[in-house]
Amino acid sequence: MNTTKELVKKKADLAPKQIEAWRNFNRTVFKEGVLDEKTKQLIAVAVAHVTQCQYCIKFHTPMAMHKGASKEEIMEAIWVASEMRAGAAYAHATIAMEEMEKMK
């Protein structure tokens, strides 16, 4: 299903207080603070790949470029996210090892 302005409005109309709170939260989080806006967008691109949110990828990738990120920076952020995802799977192998050791 493609996101349209009409669908976005319908969702917002069903929960206006919640969407306003979400939009305020979103604006606050992505404003420059200790981290600049480009860095925040690169983090968002990386996290979007780990969470596999195609809508987030489609939104935050051009936003990162708009905030000054290069294609190389975006790809590097994606590779960092990929390593973290793979690393987490490997790290959790310790749980499997503990269970296998119980079977001795």
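Use the structure listed above.
Residues numbered from 1 in each chain as written. Predicted model: local features only at pLDDT ≥ 70, side-chain atom pairs only at ≥ 80, totals over all residues. Heavy atoms only, no water.

Some remarks on the overall build of the protein chain
No. 1: Helix and strand counts for the protein chain stand at six helices and zero strands.
No. 2: For the protein chain, the sequential pattern of α-helices and β-strands runs α-α-α-α-α-α.
No. 3: Here the protein chain has a C-alpha radius of gyration of 19 Å; the compact-globule value for 104 residues is 13 Å, and the former is much larger.
No. 4: Taken along its principal axes, the extent of the C-alpha atoms in the protein chain is 60 × 35 × 30 Å. (Helix = DSSP H or I, 4+ residues; strand = E, 2+ residues; numbered from the N terminus. Rg over C-alpha atoms; globule rule 2.2 N^0.38 Å.)

Examining the packing of aromatic side chains
What describes a pair of aromatic rings is the distance from one ring centre to the other and the angle between the planes of the rings.
No. 1: Counting across every chain of the model gives one aromatic pair.
No. 2: Ring geometry for Trp22 and Phe25: centres 5.8 Å apart, planes at 55 degrees, overall tilted. Taken together, the residues span about one helical turn, with Trp22 and Phe25 both in helix H2 (residues 16–30) at a distance of three residues. (Phe/Tyr/Trp six-rings, centres within 6.5 Å; stacked < 30°, edge-to-face > 60°.)

Brief notes about the side chain of Lys40
No. 1: Take Lys40: it is sitting in helix H3 (residues 37–51).
No. 2: No salt bridge is formed by the buried Lys40, whose closest oppositely charged neighbour, Glu37, lies at an N-O distance of 8.1 Å.
No. 3: Only 2.8 Å separates the side chain of Lys40 from the backbone oxygen of Val29, close enough to count as a polar contact.
No. 4: Side-chain polar atoms of Lys40 contact the backbone oxygen of Lys31, separated by 2.6 Å.
No. 5: In this view, Lys40 contacts Val29, Phe30, Lys31, Glu32, Gly33 and Leu35; residues no more than four positions away in its chain are not counted. (Buried < 20%, exposed > 50% of the residue type's maximum accessible area, 1.4 Å probe, protein only. Lys, Arg positive; Asp, Glu negative; His and termini not counted. Salt bridge = Lys/Arg side-chain N within 4 Å of Asp/Glu carboxyl O. Polar contact = N/O pair within 3.5 Å; in protein donor to acceptor, adjacent residues only side chain to side chain. Contact = heavy atoms within 4.5 Å.)

Description of the nonpolar core
No. 1: By size, the foremost hydrophobic cluster in this structure holds nine residues: Leu42, Val45, Ala46, Ala64, Ala69, Ile74, Ala77, Ile78 and Ala81.
No. 2: Put simply, the parts of the chain that give this core at least two residues each are H3 and helix H5 (71–91).
No. 3: Per element, the largest residue contribution to this core is four residues, and it comes from H5.
No. 4: If we skip the residues at most four places from it in the chain, Ala69 touches Lys38, Leu42, Ala64 and Ile74. (Core = buried A, V, L, I, M, F, W, Y, C linked by side-chain atoms within 4.5 Å.)

Functional significance is not addressed by these values, which are geometric in nature.
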